[in-house]
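Now for the letters of each chain:
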Amino acid sequence: MADRGLGDVVADAVGGPGATGASPGPARRDELTPVHGEAWAEATPSTLLDALRLAFVVLDTAGRIVMWSDPAEEMLGWTGEHIVGRRIGSIRGQEVSSGAVADTASERARDTRSSSRPQDGTGQGGQPPEPRRPPPPAVTSWTDQRITDHVLRRGWWKGILPLRHRDGHLVQVEVRANLLTDGDGRPFVLASLVETRRVRALEQDLAVLDSLFQSSPLGIAVFTRDLRHVRANEALARMNNRSVQDLVGRTIAEALAPSQEIPPDIEALMDLQRQVLDTGTPVVDLTLRAPMGTGYHSFSCNRLQDRAGRVLGISATVIDVTERQLAATRVEHARQRLDLLNNIGRCLGELLDVERIGQELAQAVVPEFGQFSLVMLLSEITTSDELPRPPYPGRARLVYCGHAAAEIAPEVERMLRVDQPVELVEDSPYAKVLRSGVSQLIDTPQDLLVTDPANRWRAETALAAGVHSVLVLPLRAHGAVLGLLVVGRAGEHGPFDRDDLMLGTEIADRAGGFLDNARLYAREREGAVMLQRSLLPQHVPAPPGVRVAYRYVPASTGTEVGGDWFDVIPLTGGRVALVVGDVTGHGLQAAATMGRLRTAVRTLSQLELPPGTLLRHINELTDDFGRGPEDSLLATCVYAVYDPLGGKLCMATAGHLPPLLLVPGDPGSGGGCQVRRLDLPSGAPLGVVGVDGEATAEFDCFEFEVPEGAVLVLYTDGLVETRDEDITAGIERLAGLLRQCHDDLEQACDTILAAHKPGPGPDDIALLMASLQPLPADSTASWVFAAEPGSARAARGEVRETLRRWQLTGLEESAVLLVSELVTNSLRHAGGPIGVRLVRGPALLVEVSDPLPDPPRERHVDDTSESGRGLHLVARTARRWGTRYSAEGKVVWFELPLPGN
């Protein structure tokens, strides 16, 4: 040691270069040479000592500064050339605290105090400036000499000194002084200085860290770069059922699975640690399965770096979130169940077919609720018969209406054929649920085998397919059980529990309501269609000169049958009335109203009223056809009368669509057909009232000649209204189909309906096509006689001659007698002229006309009566007879059946 100087001793004590001093002389910082060269200095990273800013000062036994380090200069602002050789007391404040008795609160308060800075930073003669205000009293005052004596006597001293910064403020420093000797045995004092503010901050951080580790309910751990535990708290150890000692120094795999293959959960956790260590991307609140046992942990991880950016390892916090995860699982489970109920409601709510609802219900619960399902309904439900009321018979008869399965074996498919009848044994679980309406859970093989004792092979087939748990659920509605929903689970899926039983019961109850709605809907629709069809013509006559084809198509869905109707009404004289109408609205009320209108039209048509007059009378009756005083009837109608004798068509419309007339083309000009749109004034619909509340609408009648072979087409709006075109375009589309000029009217009707596009809503369709052919000229004969006595004889002669020419001599006697009576009545009561017409058709029609509009009255006669026997003879001899009005007066007519009819 003799050859070692003060610099060597200080360098050994400090651990490196960086001090200036007076021995061997004052030296500047840039004149010092590092022990291991500049390369060593550049490679040394920043450490905690840099953050603390630890400084070293060497004093002689008299308290003079011998060496002054660079950190001391940074701490106090004094350079070595200003401070070396001076006493430490020249920069020391007046308060000195012993390390053994220093008050922490006082030290923190003193750290914040400072005095005003002098203008030039120094006093006179380069001496440190004096403070402008006295410092607070010290807890324990130590003089420089006392500190030096303590060091020389005991070899050390520690305490807190207030030192004056070069700019004038005080810096509280914690001092550690030790006695050293050089090679010559000369003593000196080596003092280490550190700011108390930085030390206290570090101590506070460490205290916070210790408190966090010790008292935090969260699991906390620090890992090295090789993912070994450096530190862990008791909370983390308890989570893993280990002690802290079992964790420190080990990786997660070594600590939790030391003697077995690393589980996948632990391997995934370590992969996550490596990812954070490599990328620096933190992981926050990642929920993972607990490495040990059951449960869930929330894992957060962050990479640790020192001040120089060097990666030290990772930190992790772990929270036991098992309860939270279970609560979230329960919420998710509840959400899934609610979604299942909503999906079932959405799938079944729009259906109105019982069998389709059964199949959709079976498919809706697989695989979300079970691995197979089966829907069995009472046979009365599928046939829309009256629903049987409980109690049900011991051996109830059901029908398979739907089934679904995740995987269906061939034998299972054979067992679950749709529409296959099933007879339940009285004591079977199925029969018990059907009678009681209480759901049942079957979760043992023994119970599964007795579900259907009469067909044990069914249960054995289900068990062979892996079914281990079954729910038998009643499909209920309004206190009645409509059938059963059977849901089963198989394979690795867990068995049903009580919560599943409640959910299944809710599903079955909702489905039962949909099934009952569909059943009632089917019954009402069937009744409405039956009513409407019964009100339509059951037999359409074939009057002479007219060939008729017709179609009626009810609304495509539901009970929404409409009030569309048509009719063909034979009139006198070979004439025929063709009628098509449409009552607004749908349902039973519209169908019933349609029937009443049709009856009124048929009744009034027998009065031989002109079409316009007939519609006016019908309109006056509509007040009584509505549902109530505030719900009046609205209907459209077209009424046409064709007279085949003259080839004339008389027509009136009440708000109806324009009829179409298909006219064959001239064969000499290339043939083809023309379609004429009869744009008659449509008039107001039936039921439209005036200002005074009375139905006073007028309906014009139009008459025109019809070409031979023309086809009159009458229709309702359901045929021409579509979703993507207006009604005018629909009429043009219909006209385009008619231009194909079908010779067969039945084929034409089928072609038109096949090309029909459904409209925006369900609506009925009524289509009536009538081929109009005038009667041959030799089928009629007519005469006009003057009002003179010989007219009756002349009329008898003409009739007798015509019947002989037509080879109807069998009718000669009756016809001549009745014509003589009617002509005589006209001569006696009406005068002339008198018209007589014979028409040969399905029957012999005889008409006698006169200018008197008053109809003849049939009177009661006896054996003594001398007059009034004419009409009596007509009524007793003719098959039919009647009176109609004409523009010239009246016409009395009668019919005689042809021989052989």
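Keep in mind the model is a prediction, meaning the values are calculated, not measured.

Calculation notes
Residues numbered from 1 in each chain as written. Predicted model: local features only at pLDDT ≥ 70, side-chain atom pairs only at ≥ 80, totals over all residues. Heavy atoms only, no water. Pairing = 2+ DSSP bridges. Helix = DSSP H or I, 4+ residues; strand = E, 2+ residues; numbered from the N terminus. Axes fitted to C-alpha atoms, helices over the stretch in contact; angles between N-to-C directions. Contact = heavy atoms within 4.5 Å. Parallel < 35°, antiparallel > 145°, perpendicular 65-115°, else oblique. Nonpolar A, V, L, I, M, F, W, Y, C, P; charged D, E, K, R; others polar.

K.L.:
Can you break down the sheet that holds strand E30 (residues 834-840) residue by residue, with the values?
P.N.:
The strand order across the open sheet formed by five strands is E29-E30-E31-E33-E32, and the pairing between neighbours is antiparallel. Each of the sheet's edge strands pairs with one partner strand only, and the pair in question is strand E29 (780-785) and strand E32 (880-885). Within the sheet, the average angular offset between the axes of one strand and its neighbour, ignoring direction, is 15°. Pairing geometry for E32 and strand E33 (residues 890-897), over six bridges, is antiparallel. Bridge assignment links Thr883 to a residue of E33, and that residue is Val892. In the packing of helix H25 (residues 791-805) onto the sheet, contacts are made with E29, E30 and strand E31 (843-850), and the angle to E29 comes to roughly 170°.

K.L.:
Explain the packing of helix H20 (residues 498-535) against helix H21 (residues 588-605) to me, and be specific about the residues and the numbers.
P.N.:
Packing of H20 against H21 brings their axes to within 9 Å, and their N-to-C directions diverge by 10°. Taken together, H20 and H21 sit at an angle that is classed as roughly parallel. Each of Glu524, Gly527, Ala528, Leu531, Gln532 and Leu535 in H20 lies in contact with H21, whose residues at this interface are Leu588, Ala591, Ala592, Met594, Gly595 and Arg598. For the contact of H20 with H21, the class distribution of residues is seven nonpolar, three polar and two charged.

K.L.:
Quick rundown of the environment of Leu179? Include the residues and the values.
P.N.:
Tracing the chain through its elements places Leu179 in strand E6 (residues 170-181). Along the primary structure Leu179 and Gly155 are separated by 24 residues, whereas in three dimensions their C-alpha atoms are 4.9 Å apart.

K.L.:
Go over the sheet that holds strand E24 (residues 660-664) with me, naming the residues and quoting the values.
P.N.:
What the five strands build is an open sheet, ordered E19-E28-E27-E24-E25; its pairing is antiparallel. Looking at which strands have only one partner, the edges of the open sheet turn out to be strand E19 (546-553) and strand E25 (673-677). Geometrically, the sheet is characterised by an average inter-axis angle of 15° between neighbouring strands, direction not taken into account. By the bridge criterion, five bridges tie E24 to E25 in an arrangement that is antiparallel. Opposite Leu662, over in E25, you have Val675 as the bridge partner. The sheet strands contacting helix H24 (residues 745-754) are E19, strand E27 (710-715) and strand E28 (765-772), and the helix crosses E19 at an angle near 25°.

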